[in-house]
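Here's the letter readout for the chains.
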Amino acid sequence: MTPKLEHAKYVRDYTIRLTFADGVGGDVDLSDELWGEVFEPLKDLEKFREFRLDDELQTIVWPNGADLAPEFLSERATS
């Protein structure tokens, strides 16, 4: 089953605090994930901080079309 992301809050630098519907959560540092055409622009912290929670996709998305799979985020939040 796909984890349902319920809350996402900016913490600092490239770290976002995530909470999933099952109560699992934690701080996820995404600094190592910002490579490739769609993620490279997010190295600019102003752009990185523009993420929002997309209820339909149940994950975080950015205005430039970047998003990360909720399964990936859940795994990172619990490790």
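Residues numbered from 1 in each chain as written. Predicted model: local features only at pLDDT ≥ 70, side-chain atom pairs only at ≥ 80, totals over all residues. Heavy atoms only, no water.

A. Spatial organisation of the pattern of salt bridges. Here the structure, examined in full by the defined rule, presents 4 salt bridges. Among the ionic pairs, Asp 54 bridges to Arg 52, the shortest N-O distance being 3.5 Å. Residue class for Asp 54 comes out buried when judged on its relative accessible area of 12%. (Salt bridge = Lys/Arg side-chain N within 4 Å of Asp/Glu carboxyl O. Buried < 20%, exposed > 50% of the residue type's maximum accessible area, 1.4 Å probe, protein only.)

B. Representation of unusual backbone geometry within the structure. Residues other than glycine seldom take positive phi values, yet Asp 13 does so here, at roughly 40 degrees. As for its position among the elements, Asp 13 is in the loop between β1 (5-12) and β2 (15-20). Phi is positive for Gln 58, close to 60 degrees, though the residue is something other than glycine. Relative to the helices and strands, Gln 58 resides in the loop between β4 (52-54) and β5 (59-61). (Helix = DSSP H or I, 4+ residues; strand = E, 2+ residues; numbered from the N terminus.)

C. Main features of the packing of aromatic side chains. The final tally for this structure, using the stated rule, is 4 aromatic pairs. Each ring, one from Tyr 14 and one from Phe 48, has its centre 5.2 Å from the other, and the planes form 80 degrees; the classification is edge-to-face. Taken together, the residues Tyr 14 in the loop between β1 and β2 and Phe 48 in helix α1 (residues 45-48) connect sequence positions 34 residues apart. Relative to Trp 62, the ring of Phe 48 has its centre 5.7 Å away and its plane inclined at 40 degrees; by these criteria the two rings are tilted. In this pair, Phe 48 is assigned in helix α1 and Trp 62 in the loop between β5 and α2 (70-78), connecting sequence segments 14 residues apart. Here Phe 48 falls in the buried class, since its relative accessible area comes to 0%. When its relative accessible area of 4% is taken as the criterion, Trp 62 is described as buried. A network of ring pairs unites the aromatic residues Tyr 14, Phe 48, Phe 51 and Trp 62 as a single cluster. (Phe/Tyr/Trp six-rings, centres within 6.5 Å; stacked < 30°, edge-to-face > 60°.)

D. Geometry of the side chain of Thr 59. Secondary-structure assignment places Thr 59 in strand β5. Under the relative-accessibility criterion, Thr 59 is labelled buried at 3%. Within polar-contact distance, the side chain of Thr 59 engages the backbone oxygen of Leu 68 at 2.4 Å. Not counting chain neighbours up to four residues away, the residues in contact with Thr 59 comprise Leu 5, Arg 52, Leu 53, Asp 54, Asp 67, Leu 68, Ala 69, Pro 70 and Leu 73. (Polar contact = N/O pair within 3.5 Å; in protein donor to acceptor, adjacent residues only side chain to side chain. Contact = heavy atoms within 4.5 Å.)

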